[in-house]
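Structural features, examined
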Amino acid sequence: MTDDLSALISETEAALAASTDLRTWDAVRVAVMGKNGSLTNKLKELGKVAPEERRTRGAALNVVKDAITAAIEARRAALDAAALDARLAAERMDVTLPPRPVVNGLIHPISRTMEEMAAIFGAMGFAIAEGPDVEDDWRNFGALNIPAHHSAREDMDTFYVPALEAGGRRRVMRTHTSPVQVRTMIAQEPPIRVIVPGRTYRADHDATHSPMFHQVEGLAIDRGLTLGHLKGCLIDFLRIFFGISNLPVRFRSSYFPFTEPSMEVDIGWNRKTGELGGGGDWLEILGSGMVHPKVLANCGIDAREWQGFAFGMGIERVTMLKHGIPDLRPFYESDIRWLRHYGFNPLAAAMLHEGV
Ligand code: DAH
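Residues numbered from 1 in each chain as written. Predicted model: local features only at pLDDT ≥ 70, side-chain atom pairs only at ≥ 80, totals over all residues. Heavy atoms only, no water.

Moving on to the packing of aromatic side chains. In the structure shown here, the tally under the stated rule is 9 aromatic pairs. Between the aromatic rings of Phe121 and Phe126, the centroid separation amounts to 5.4 Å while the plane-to-plane angle is 70°, which identifies the pairing as edge-to-face. On the basis of relative accessibility, which here comes to 8%, the residue Phe126 falls in the buried class. With 6.3 Å between their ring centres and 45° between their planes, Phe331 and Tyr332 make a pair best called tilted. Under the relative-accessibility criterion, Phe331 is labelled buried at 4%. For Tyr332, a relative accessible area of 29% puts it in the partly exposed group. Three or more aromatic residues joined by ring pairs form one cluster here, namely Phe121, Phe126, Phe237, Phe241, Phe242 and Phe311. The lysine or arginine in question, Arg112, covers the ring of Phe344, its NZ or CZ lying 4.6 Å from the ring centre. (Phe/Tyr/Trp six-rings, centres within 6.5 Å; stacked < 30°, edge-to-face > 60°. Buried < 20%, exposed > 50% of the residue type's maximum accessible area, 1.4 Å probe, protein only. Lys NZ or Arg CZ within 6 Å of the ring centre and 35° of its normal.)

Between its first and last C-alpha, helix 4 (residues 51-90) extends 57 Å over 40 residues, near the 58 Å set by a 1.5 Å rise per residue. Among the residues of helix 4, those classed as buried are Arg57, Gly58, Ala60, Leu61, Val64, Ile68, Ala71, Ile72 and Leu79. As for helix 4, its buried residues are in contact with helix 1 (3-18), helix 2 (22-33) and helix 3 (38-44). (Helix = DSSP H or I, 4+ residues; strand = E, 2+ residues; numbered from the N terminus. Expected span 1.5 Å × (residues − 1). Contact = heavy atoms within 4.5 Å.)

The next point concerns the domain arrangement of the chain. Segmentation of the chain into domains returns domain 1 (3-90) and domain 2 (109-349). On a C-alpha basis, the centres of domain 1 and domain 2 stand 91 Å from each other. (Domains from an automatic or database assignment.)

Residue Pro190 is joined to Pro191 through a cis peptide bond whose omega torsion reads 0°. Inspection of the secondary structure assignment puts Pro191 in the loop between helix 8 (179-187) and strand 4 (192-201). Omega for the peptide link from Glu260 to Pro261 comes to -5°, which places this bond in the cis form. Summarising the element assignment, Pro261 is placed in strand 7 (residues 259-269).

Another point: the packing of helix 5 (residues 109-123) against helix 9 (residues 227-242). To characterise two packed helices, one gives the angle between the axes of the helices and the distance between these axes. At a minimum axis distance of 11 Å, the contact between helix 5 and helix 9 shows a crossing angle of 135°. Considering their axes alone, helix 5 and helix 9 lie oblique with respect to each other. In terms of crossing hand, the pair formed by helix 5 and helix 9 is right-handed. Seen from helix 5, the contacting residues are Thr113, Glu116, Met117, Ile120 and Phe121; seen from helix 9, they are Cys233, Phe237, Ile240 and Phe241. Of the residues assigned to the contact of helix 5 with helix 9, the class counts are 7 nonpolar, 1 polar and 1 charged. (Axes fitted to C-alpha atoms, helices over the stretch in contact; angles between N-to-C directions. Parallel < 35°, antiparallel > 145°, perpendicular 65-115°, else oblique. Left-handed = near helix turned anticlockwise from the far one by under 90°. Nonpolar A, V, L, I, M, F, W, Y, C, P; charged D, E, K, R; others polar.)

It is worth spelling out the nonpolar core at this point. Counting residues in each nonpolar core, the largest one holds 43 residues, and the members touching the most others are Leu238, Phe242, Ile267, Ile285 and Phe309. Take this core: its biggest share by element is 8 residues, from helix 9. With sequence-adjacent residues up to four places away left out, Phe242 is seen in contact with Leu247, Ile267, Leu276, Ile285, Val318, Leu321 and Lys322. The next biggest cluster of nonpolar side chains, apart from the first, holds 24 residues, and it includes Met156, Val180, Val196 and Ala310. (Core = buried A, V, L, I, M, F, W, Y, C linked by side-chain atoms within 4.5 Å.)

All right, on to the pattern of salt bridges then. Within this structure, the stated rule accounts for 19 salt bridges. Glu91 is the salt-bridge partner of Arg87, the closest N and O atoms lying 3.2 Å from each other. Each member of the pair Arg87 and Glu91 is classed as exposed. A salt bridge links Arg183 to Glu135; the nearest nitrogen and oxygen atoms lie 2.6 Å apart. Separated by 48 residues along the polypeptide, Arg183 in helix 8 and Glu135 in strand 2 (residues 134-136) bring together distant segments of the chain. Exposure remark for Glu135: the relative accessible area of 0% places this residue in the buried category. The network of salt bridges with common partners includes Glu135, Asp136, Arg139 and Arg183. (Salt bridge = Lys/Arg side-chain N within 4 Å of Asp/Glu carboxyl O.)

Okay, here's the thing in structure tokens:
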């Protein structure tokens, strides 16, 4: 091989070795093999070579061309491999890193209270019952021994739903969860043990009243149920719910049309500090009583065989007391800052105290 061809090979190899990326590699390729490349020009000049030398020169040029082509391809492959290695190194993931904290949604305090009530009463054998928000006035009032023109209907600031009046029964937004007592007694054979968490409505709006709020109702029907069962059940519930094992609980004689006798239930607290438990003051917390025989009869239950007790309380109220939430209105404002402050981690198990 002539000197010029050996030189071309070594120069090309050196230039390829010096190329560090596809751009410089391509510049070498074009400089040698391109239209005006050094090797291309030598091939073009073959025609001018004397005929007796042309064969050897041609054969030599072909060898050179093969060698250079192979060198260019080899360099390209090496550069591609290096680029892939660099990319893999740059995009490498450390799978041992702990994940970044994910912001979870939080459980609304109302939902949390309902879950806790379901857990506490569930452990006492109560199932959950539900009914519609739009009721007829018979289930909301009449069947519960609240006759038409009774003051309780006005006291409750009822929302009537005129468009839905049907079959002679006026439709109302239920003013309490008590109509679900009626639905349950009509639908099920006793013995019955249910709680009814749900929405209720009254035309009332100020700092401590919302036109939509929540109640939980309780109903137990069985043979031989007494006031003692009612008291035991509610004392246990209140002490477990508020997490105060010696919470003072007082039963105060009262009146509800659907129970006889009726009792309001107070818990002990300190009026000055707002602390629950001791302190010597009393705070009304719920209504209760033995189911009125007329209500049992209205629902097709024989009051000589079956007795029952019932109770009802406001969910917002007990939630505010339990967690020290001062204002009712933010419950329904979906303000993320309020929810972050008062919401509950959905992955934390509902807290149950000893005694359940
Ligand atoms: N329904 C009553 C109210 O909304 C609460 C209530 C009182 C429910 C006594 C009861 C009960 O089941 O026995 O004010």
